[in-house]
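Below are the chains, spelled out letter by letter.
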Amino acid sequence: MEISRKTKIISIVSLVLLLALTIFVYFRFFFVYSSGVNAGDINYFQREGVLFKTYEGKMIQSGFKSGSNIDGLHSNEFKFSVTDDALADTLMRCSGKHVELRWKRYMATLPWRGNSQYVATEVLSVQ
C-alpha cells in the first residue's frame, strides 16, 4: 500500500507544527531566562490560591534614587514565588528580617509554580 502525497504533506506539516509548539512551550514556561540574587527585608510571605496553593512573597529593597525629580531614599518591591516546601518554611520564619535570596526568572508563569515570574530557589543569608 502506497501512502499518498497528500498524506505525506499533512504528516510533515503536523510534525513541524508539533515541534514548533513544543519549542514555544519550552521557552515560554520552562526555560530559565535569568537568575540572580536579591537582598532586602521580607515584607510578607504567604500561601495563597484557590485551585493551586502556592507560596508568594514580597521583599522590600531600600536604596538611593537619583536622576529623577525626587532624589533620596526609596524602596523597591521584589515579588517572588517559592515552589520548595522546605524553603517556604524557612521564609515563613523570616518575616521582617533582611534576607538574601537566589532566584530564577521564567518568561511566563504556571499556575502550580506561582504568580510571579521570579521563583526563589535558595536563601543565602538571614540577618
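Residues numbered from 1 in each chain as written. Predicted model: local features only at pLDDT ≥ 70, side-chain atom pairs only at ≥ 80, totals over all residues. Heavy atoms only, no water.

A. Local environment of the overall build of the chain. In terms of helices and strands, the chain carries two helices and five strands. Put simply, the chain has 127 residues, and 24% of those count as buried. Relative to all contacts within the chain whose residues are 6 or more apart in sequence, the contacts with residues 24 or more apart total 55%. With the model as given, the accessible surface of the chain reaches about 9000 Å², and the carbon-plus-sulfur share is 57%. (Helix = DSSP H or I, 4+ residues; strand = E, 2+ residues; numbered from the N terminus. Buried < 20%, exposed > 50% of the residue type's maximum accessible area, 1.4 Å probe, protein only. Contact = heavy atoms within 4.5 Å. Areas by Shrake-Rupley, 256 points an atom, 1.4 Å probe, with all protein chains shown as cover.)

B. Broad picture of the pattern of salt bridges. Considering all chains together, one arrives at three salt bridges under this definition. Among the ionic pairs, Glu-77 bridges to Lys-58, the shortest N-O distance being 3.2 Å. On the criterion of sequence distance, the pair formed by Glu-77 in strand β3 (residues 72-82) and Lys-58 in strand β2 (residues 54-65) is long-range, its members being 19 residues apart. The exposure class of Lys-58 is buried, given its relative accessible area of 13%. Notably, a salt bridge pairs Glu-122 with Arg-102, separated by 3.0 Å at the nearest N-O pair. Of this pair, Glu-122 sits in strand β5 (residues 118-126) while Arg-102 sits in strand β4 (residues 98-106), placing them 20 residues apart in sequence. (Salt bridge = Lys/Arg side-chain N within 4 Å of Asp/Glu carboxyl O.)

C. Structural context of the environment of Arg-28. As for its placement among the helices and strands, Arg-28 is situated in helix α1 (residues 5-30). In the structure, Arg-28 is positioned 81 residues away from Thr-109 in sequence and 8.7 Å away in space, judged by C-alpha atoms. Excluding anything up to four places from it in sequence, Arg-28 contacts Met-107 and Ala-108.

D. Seen up close, the environment of Ile-42. By the secondary structure assignment, Ile-42 is in strand β1 (residues 32-48). With 49 residues separating them along the chain, Ile-42 and Leu-91 place their C-alpha atoms 8.2 Å apart. Those residues in contact with Ile-42 that sit more than four places away from it in its chain are Lys-58, Met-59, Phe-80, Leu-91, Cys-94, Ser-95, Gly-96, Lys-97 and Val-99.

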